[in-house]
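Structural characterization, general
Listed here are the chains, written in short residue letters.
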Protein chains: 2
Amino acid sequence: MFESAELKHDISKSVYRREEPKLRQALLDAQNDLQRRAHFAVLILIAGVEGAGKGEIVNQLNEWMDPRQIQVNAFHQPSDEEAERPDMWRFWRALPPRGRIGIFFGGWHTQPILDRVLGGLKSADFTRRISEIQRMEKMLCDEGVLVLKFWFHLSKKQQRKRLKQLSKDLKTSWRVTKFEWKLFDHYDDFTRVCDPFIRRTSSAEAPWIPVPGADERYRSLAVGRTLLAALRERLDEQPVKRLPDRTPPLLPALDQLNVIRALELDQPMTKDEFREEYEKLSARLFALTLHPRFQDISVVTVFEGNDAAGKGGAIRRVTRSLDARRYHTVSIAAPTEEERAQPYLWRFWRQIPRRGIVGIFDRSWYGRVLVERVEGFCSEADWMRAYGEINEFEQELDRHDIVVVKFWLAISKEEQYRRFKDREKVAYKRFKITGEDWRNRKKWDAYEGAVCDMVDRTSTSFAPWTLVEANNKYYARIKVMKTLCDAIERAIKNVKKKKKKK
Amino acid sequence: MFESAELKHDISKSVYRREEPKLRQALLDAQNDLQRRAHFAVLILIAGVEGAGKGEIVNQLNEWMDPRQIQVNAFHQPSDEEAERPDMWRFWRALPPRGRIGIFFGGWHTQPILDRVLGGLKSADFTRRISEIQRMEKMLCDEGVLVLKFWFHLSKKQQRKRLKQLSKDLKTSWRVTKFEWKLFDHYDDFTRVCDPFIRRTSSAEAPWIPVPGADERYRSLAVGRTLLAALRERLDEQPVKRLPDRTPPLLPALDQLNVIRALELDQPMTKDEFREEYEKLSARLFALTLHPRFQDISVVTVFEGNDAAGKGGAIRRVTRSLDARRYHTVSIAAPTEEERAQPYLWRFWRQIPRRGIVGIFDRSWYGRVLVERVEGFCSEADWMRAYGEINEFEQELDRHDIVVVKFWLAISKEEQYRRFKDREKVAYKRFKITGEDWRNRKKWDAYEGAVCDMVDRTSTSFAPWTLVEANNKYYARIKVMKTLCDAIERAIKNVKKKKKKK
């Protein structure tokens, strides 16, 4: 990997003085175009060995371009906020929006590599982390982010020289602590770990770019020109005639039977039965959130369902049973401007609850494979890849002891009609019904097909769908409450077991 | 995953009788178009539980379409031919060419799943196999193969019923052996293993398609229609205006220094020195191939280099030292018609040597990132992904105790000119020089850049590049012989150690 980077590259002062102003102007122009058109985001990962100029290049890029349009993020020890979320959360929340450049100084690669070399991370877990990274980067590229990954390299000899040099100079000696020398002692171990890591995480869309780190002028020009070329290539790209994305069709519906139609939507329950049951479940839910182990988990509940299926009512029955400090609700409507400038999962990642909190999503990331699919807001390839992306997302939550509980509230077409009409009649309900609801209703079958595919492709052992027969609101609310209580109870038991093992 | 597939789907006889002839005709038409245009190959994987109709659907497809244009491959225990090659070899050699349909009855998924459930395959190794499969399928899709993966499903109850049914009937009872019942006993274990497997290996381009296996007419129509829709979609696809593939530029060359130019191409060695050294090395190489452990490894040597760098001469010095039964040479020129109808790595996979054999490649798979890149025979995205594909390919060889030894023979531009002129003068050398050699020479710098990227991106711990300074043929040939001997010696030692561990 580093055959070229270990050569004695250098750029003379005079060449640098001639080239730098041109590069600088061109970078500024490109940055302007990027910001103005805001078609895509740029994410620059800065990685590599100590003393190879990582910090310097970050400063350099900020000097060359407009620093107000650059977000620099250095990742050290996770904050308490970060430690309570899955590993990738801190990176998600730092992603640059379209039109801007984000620089990650250290990134998702740092911790797995350090843990593997120094912390005894097992080979299997390291491999899993690599797959996570591969999927994250693939997803970003698929979402249109320009991902540039620079790996700053020094040979062992070069690094020793560099560290000594830094130690001698009073202005820089603070940068070389015992830790840096410890890392240096493990130089060969790092090589053994980084080589396959770099190979595995180099894809056609986001290859690692090795940078020779010995000569400051060389590495600055090299990174600057690569960034410039990458920006210009993307800014100036023109659509060409190409074959469309290829996604094979899923199994066609041959009969009238599917997972939704197989449900008996009318379930018996009287108001009195409901009240009695609800009292009990409500107390149980409240008690569960007071359990000491509840502080070791979080809960994410997702409410999806037909229009007018009673999502709001079911959610209110849940929140009524909780201390207001123990939950937060997230109502998903059309994305905000800020959210539209990010990959589609971003606005959900940012809402992942901390420990001991129940996050309640009224609609969710499943919009991608429901409304966006049916209405053609994204391409077939986009929603097809979303099943895998969503499964990975939920698995990451699960791994981090975040319980994922997903409800699909199903009502019949006739019941929906009744409720729509009812809403139109009653003044204080009218706000709930719009022309869009009626338009969606016309696409009932398309939505139903999308729901069936969604259940088939995203009901997993760690985040199963619960289909709720919701023609009778009482029955639906009780099923929701009971399912939620059972899931939290299981999670508390599991986390207990895990703690014991440790 | 199987929510829909477990429903009680069925199709009545009358509906089937009405629909089948139409489907059959449409499939035949599509198959004809496929064969006539021969733009892409179709690969159908048939997987799932016993008794769910896997065998029946294969017969059905053969009956519906022209069976001469369908290759059916059932994979059981590997043959001795297959056992001596890496796991994926048997699948590579069975790939259908463009214009044809290949059916894999059992495929790369079968063994890892069986081994995980019954054979104690470790979780980490299972994960590795999953990544191999992901990469294999991605590569096939990137190469334009239409991959359709059907998973035939039965619920536990359905399967028990089905196996009993088959056992009772004299015509089918042979299909249910103790092994099938053993698999059934592990139904839940299979579910636990298959669920994440299916999820992980479902991509947007090649998702698993669950097929309800209980009703024969239903599953036949469902698979037939899905195949038809997929064929028609691809056959009828029209180019649309789209943005081009996105691959960021690699680091630009800022100075005159690169891994090739850093070589001292003129190395001293006289003819007498050569003779003496060669005698010794030749005897050593011969002796190594007689070592008993040599039967446990294979060798793949790759010769790449500038035109007229002396690849042929170096290869002859190697082969002269070997028993003719111990090696086979593969000279890579333009691909044959058969080879052009396959993914680019196919023609190299088919040449992977058996145990105890030295396979000598005069040019190789590196054509993809050299000539095909420079001449624009493939797109930037294609050669960028090739680095990863090639690394994976060589790592699979390495894992299977196949030593990979790669030489780049480098001569200077002046030396090449001398040799070209020399070849033109001497009658018996004239066949070696063509107009193409002179044309390639004009692109010297572009080729040099491609070579440097190749070395950076494909020199790995398990398959490093050896750069050979080749202005002096004697020196070059000795360096080749010595490197080869050292590599084989190391491999014999390693395989000894491995055997001891077992």
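Up top is the structure these notes are about.
Residues numbered from 1 in each chain as written. Chains lettered and ligands numbered in written order. Predicted model: local features only at pLDDT ≥ 70, side-chain atom pairs only at ≥ 80, totals over all residues. Heavy atoms only, no water.

Enumeration according to the criterion identifies nine cavities of 30 Å³ or more in this entry. If you add up the space inside the largest cavity, you get close to 200 Å³. A:Met1, A:Ile198, A:Arg199, B:Asn391 and B:Arg457 are, among the 18 residues lining the largest cavity, the residues nearest its centre. Split by residue class, the lining of the largest cavity holds six nonpolar, eight polar and four charged. (1 Å grid on protein atoms, 1.4 Å probe; cavity = no way out; pocket = protein on both sides within 12 Å on 5 of 7 lines; lining within 4 Å. Points joined across faces, edges and corners; volume = space filled by probe spheres on them. Nonpolar A, V, L, I, M, F, W, Y, C, P; charged D, E, K, R; others polar.)

The next thing to look at is the pattern of salt bridges. Following the criterion strictly, the structure yields 104 salt bridges over all chains and no others. For B:Arg93, the salt bridge identified is with B:Glu82, shortest N-O distance 3.4 Å. Of this pair, B:Arg93 sits in the loop between α4 (89-92) and β3 (101-105) while B:Glu82 sits in helix α3 (residues 80-83); the two residues are eleven residues apart in sequence, bridging distant segments of the chain. Overlapping salt bridges, with partners in common, bring together A:Lys138, A:Asp142, A:Glu143, A:Arg368, A:Glu372, A:Asp382, A:Arg385 and A:Glu389 in one network. (Salt bridge = Lys/Arg side-chain N within 4 Å of Asp/Glu carboxyl O. Helix = DSSP H or I, 4+ residues; strand = E, 2+ residues; numbered from the N terminus.)

Residue and element names in this part refer to chain B. The element strand β10 (residues 402-410) is largely enclosed, with a buried count of nine among its nine residues. Burial along β10 is two-sided: the residues Ile 402, Val 404, Lys 406, Trp 408 and Ala 410 and Val 403, Val 405, Phe 407 and Leu 409 are all buried. Both strand β7 (residues 298-305) and β10 contribute to a ladder of eight bridges, which runs parallel. Across the sheet, Glu 304 pairs through a bridge with Trp 408, a residue of β10. (Buried < 20%, exposed > 50% of the residue type's maximum accessible area, 1.4 Å probe, protein only. Pairing = 2+ DSSP bridges.)

With that settled, the discussion passes to the nonpolar core. Formed by 82 residues in total, the largest nonpolar core has its most connected members in A:Trp108 and A:Trp365. Not counting residues within four places of it along the chain, the set of residues in contact with A:Trp365 comprises A:Val300, A:Val302, A:Leu345, A:Phe348, A:Ile390, A:Phe393 and A:Glu394. Judged by nonpolar contacts, the second largest core, of 80 residues, contains B:Met1, B:Leu183, B:Leu263 and B:Tyr387. (Core = buried A, V, L, I, M, F, W, Y, C linked by side-chain atoms within 4.5 Å. Contact = heavy atoms within 4.5 Å.)

It is worth spelling out the sheet that holds strand β11 (residues 465-469) of chain B at this point. All names here are of chain B. Read from one edge of the open sheet, five strands run β8-β9-β7-β10-β11, paired in parallel fashion. The sheet is open, and its two edges are formed by β8 (327-331) and β11, each paired on a single side. Sheet twist, expressed as the mean angle between neighbouring strand axes with direction ignored, is 20°. Its contacts with the sheet place helix α19 (residues 444-458) against β10 and β11, and it is angled at close to 145° to β11. (Axes fitted to C-alpha atoms, helices over the stretch in contact; angles between N-to-C directions.)

Turning our eyes to something else, we now look at the pairing of strand β9 (residues 358-362) of chain B. Residue and element names in this part refer to chain B. Most of β9 is tucked away: four of the five residues are buried. The pairing of β7 with β9 spans five bridges and is classified as parallel. Bridged to Val 302 within β9 is Phe 361. Pairing geometry for β8 and β9, over five bridges, is parallel. In the strand pairing of β9, Tyr 327 is matched with Val 358.

Turning to unusual backbone geometry, a few remarks are in order. Residue A:Ala38 is not a glycine yet carries a positive backbone phi of 50°. Within the secondary structure, A:Ala38 is located in the loop between α1 (13-37) and β1 (42-48). With a phi angle near 60°, B:Asp401 is a residue other than glycine that sits in the positive phi range. Mapping B:Asp401 onto the fold places it in the loop between α16 (380-399) and β10. On the basis of relative accessibility, which here comes to 21%, the residue B:Asp401 falls in the partly exposed class.

Residue and element names in this part refer to chain B. At their nearest, the axes of helix α2 (residues 54-64) and helix α10 (residues 216-235) sit 11 Å apart, and the two run at 55° to each other. The orientation of α2 with respect to α10, classified from their angle, is oblique. The hand of the α2/α10 crossing is right-handed. Taking contact as the criterion, the partners of Glu 56, Ile 57, Gln 60, Leu 61 and Trp 64 in α2 are, on α10, Glu 216, Arg 219, Ser 220, Leu 221, Val 223, Gly 224 and Leu 227. Of the residues in the contact of α2 with α10, the class split is six nonpolar, three polar and three charged. (Parallel < 35°, antiparallel > 145°, perpendicular 65-115°, else oblique. Left-handed = near helix turned anticlockwise from the far one by under 90°.)

A word on the relation of the copies chain A and chain B. Rotating chain A by 180° and moving it 0.0 Å along the rotation axis overlays it on chain B with an RMSD of 0.0 Å. Viewed as a symmetry operation, the transformation between the two copies matches a two-fold axis. (Least-squares fit on C-alpha atoms with pLDDT ≥ 70 in both.)

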